[in-house]
Amino acid sequence: MEKKHTVLIVEDEKSIVDILRFNLQKEGFDTLEAFDGQTGLDLVMEKAPDLVLLDLMLPVLNGFEVCRTIRDRGINTPVLIITAREAENDKIMGLELGADDYITKPFSVRELMARVKANVRRAERMPQPAQEAPSQILELGRIRIDRNASLATKDGANLELTQREFELLTYLASNQGKVFSRQELMERVWNYAGYVGDVRGVDVAVRRLREKVEDNPATPRYIITRRGVGYLFERPEDE
Ligand code: CA
């Protein structure tokens, strides 16, 4: 029998919790609930859920602080933040703090479930460190990617990428010179099949990745923008 996945709902509006719980359970998920940020954080630590649905405006500890603390503790659990549709800055800030994606209120249940499933799947196919396979290493001059260890280094130093940044870099780097649209990256790295919505998450992830990978993020030499087309990975010619 397939293992049931657990989704932690951190949301202080009871009516929304009810909708989320009902739909998640209908789709075969177990659910946990927290009505404030501190309880949510405690449950992440104690119960290790497979995914966190995180409202931002919460009592005690807000969603931004919860998200940042989760990532500061090195926990890779997918986090989907729940924001108001008009709160543009909240979305970007949430992504900056390490959330995987956001859902806007009012959300469609179908879209929500698609995103929950995509993120749980993505987390599941993360490589297991124990499985050795030498072909899993990409040597790219100063940059080296070890898929098994989920480790990317530059000049021998750990780039300290988040899981998403690592996957994005690995995807681009294993297709050197090929340009991918943001849409394509959403589908292939974010695992959203047929996704037609907001692709800004790609831009935020690229920007964060450049801050870690590039010598000077303002003039990128590895992760290149093709204006109006998308992004590609290149190796600088002088390397
Ligand atoms: Ca709230």
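Preceding this paragraph is the structure being described.
Residues numbered from 1 in each chain as written. Predicted model: local features only at pLDDT ≥ 70, side-chain atom pairs only at ≥ 80, totals over all residues. Heavy atoms only, no water.

Before going further, it helps to spend a moment on the pattern of salt bridges. Taken as a whole, this structure holds 23 salt bridges when the rule is applied. For the salt bridge of Glu11 with Lys105, the shortest nitrogen-to-oxygen distance reads 3.5 Å. Of the two residues, Glu11 sits in the loop between strand E1 (6-10) and helix H1 (14-26) while Lys105 sits in strand E5 (residues 101-105), which places them 94 residues apart along the sequence. Looking at Glu11, the relative accessible area reads 0%, which means it is buried. Classification of Lys105 by relative accessible area gives buried; the value is 18%. Lys105 serves as the salt-bridge partner of Glu13, at 3.3 Å between the closest nitrogen and oxygen. Of the two residues, Glu13 is situated in the loop between E1 and H1 and Lys105 in strand E5; the sequence distance between them amounts to 92 residues. Look at Glu13 and you get partly exposed, because its relative accessible area is 39%. One network of salt bridges, in which partners are shared, links Glu96, Glu165, Arg207, Arg208 and Lys212. (Salt bridge = Lys/Arg side-chain N within 4 Å of Asp/Glu carboxyl O. Helix = DSSP H or I, 4+ residues; strand = E, 2+ residues; numbered from the N terminus. Buried < 20%, exposed > 50% of the residue type's maximum accessible area, 1.4 Å probe, protein only.)

Ligation of the calcium ion by protein atoms is provided by Asp12 (OD), Asp55 (OD) and Met57 (O), these donors lying 2.1 to 2.3 Å from the ion. Taken in sequence order, the residues that donate to the calcium ion follow the motif D-x42-D-x1-M. Linking Asp12 in the loop between E1 and H1 with Asp55 in strand E3 (residues 51-55), this pair joins segments that are 43 residues apart in sequence. (Donors = N, O, S within 2.8 Å, 3.2 Å for Na, K, Ca; no water.)

What follows concerns the sheet that holds strand E9 (residues 157-158). Taking strand neighbours across the sheet as the criterion, the 4 strands line up as E6-E7-E8-E9 in an open arrangement whose pairing is antiparallel. In the strand order of this sheet, the two ends are held by strand E6 (137-140) and E9, each with one partner. Where E6 lies against strand E7 (residues 143-146), 4 bridges are found, and the strand directions are antiparallel. Along E7, the bridge assignment pairs Glu139 with Arg144. The strands touched by helix H6 (residues 163-173) are E6, E7 and strand E8 (151-154); relative to E7, the strand with the most contacts, the crossing angle is about 110 degrees. (Pairing = 2+ DSSP bridges. Contact = heavy atoms within 4.5 Å. Axes fitted to C-alpha atoms, helices over the stretch in contact; angles between N-to-C directions.)

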